[in-house]
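An overview of the molecular structure
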Amino acid sequence: MSFQKYLQTISQIGSGKIYVENVRNALRVSAHKAKVYCEMAVADNLFERKIGLVCPNDNRIIAEFDSESEMPISITCIVCSAEGIEPDTFKVSELSKITYYKLNHHVNSLQTPNKGGS
């Protein structure tokens, strides 16, 4: 599958988070090359790079940020808080972080045009 075809596929299915591992698997390339493709897509304004903070209780992403400088000192996991799981508030510096990508919302050129009349 070509990178262009991959972009068309994810734009059609509306995938929220794009992980390097998924790109690697879809394109059958190395992890390094998949990351390069994702970073090229960021440079071309096709993808947005995001950093997710991972809850240590259930491995969910608590919140996402565009950069580490935007992150607060501490953060509360609303799922843990709602379920009464302690601790529910964490120091950001102690949390795992994961980088992933999202398709830029303004990217319409990858969408298949509607050929039928409405």
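Use the structure listed above.
Structure report, in brief. As a convention, each chain's residues are numbered from 1 in the sequence order in which they are written. In keeping with the model being predicted, local features are shown solely for residues with a pLDDT of at least 70 and side-chain atom pairs are shown and tallied solely at 80 or more, while totals for entire chains, interfaces and linings include all residues. The side-chain figures draw on all heavy atoms in the structure; neither hydrogens nor water molecules are used.

**Things to note about the sheet that holds strand β5 (residues 96-103)**
What counts, and what does not: For two strands to be treated as a pair, DSSP must find no fewer than two bridges joining them. Think of it this way: any DSSP run of H or I at least four residues long counts as a helix, any run of E at least two long counts as a strand, and we number them from the N terminus. Helix axes use the C-alpha atoms of the stretch in contact, all axes being lines fitted to C-alpha atoms, and the angles between their N-to-C directions lie in the range 0 to 180 degrees.
Taking strand neighbours across the sheet as the criterion, the 3 strands line up as β2-β1-β5 in an open arrangement whose pairing is antiparallel. One side of each edge strand has no neighbouring strand; the edge strands of this open sheet are β2 (61-65) and β5. The average angle at which neighbouring strand axes cross in this sheet is 35°, direction not considered. Judged from the 4 bridges that link them, strand β1 (residues 47-54) and β2 form a sheet pairing that is antiparallel.

**Considering the packing of helix α2 (residues 20-27) against helix α3 (residues 31-43)**
We count it as follows: Every angle not falling under 35 degrees, over 145, or within 65 to 115 is termed oblique; those three ranges are roughly parallel, roughly antiparallel and roughly perpendicular. A contact between two residues is defined here by any heavy atoms of the two lying within 4.5 Å. Each residue gets one of three labels, nonpolar for Ala, Val, Leu, Ile, Met, Phe, Trp, Tyr, Cys and Pro, charged for Asp, Glu, Lys and Arg, and polar for the others, Gly among them.
Orientation of α2 relative to α3, taken along the N-to-C sense of each, is 110°, at an axis distance of 8 Å. One element, α2, and the other, α3, form an angle in the roughly perpendicular class. Seen from α2, the contacting residues are Val20, Val23, Arg24 and Leu27; seen from α3, they are Ala31, Ala34, Lys35, Tyr37 and Cys38. Residue composition of the contact of α2 with α3, by class: 7 nonpolar, no polar and 2 charged.

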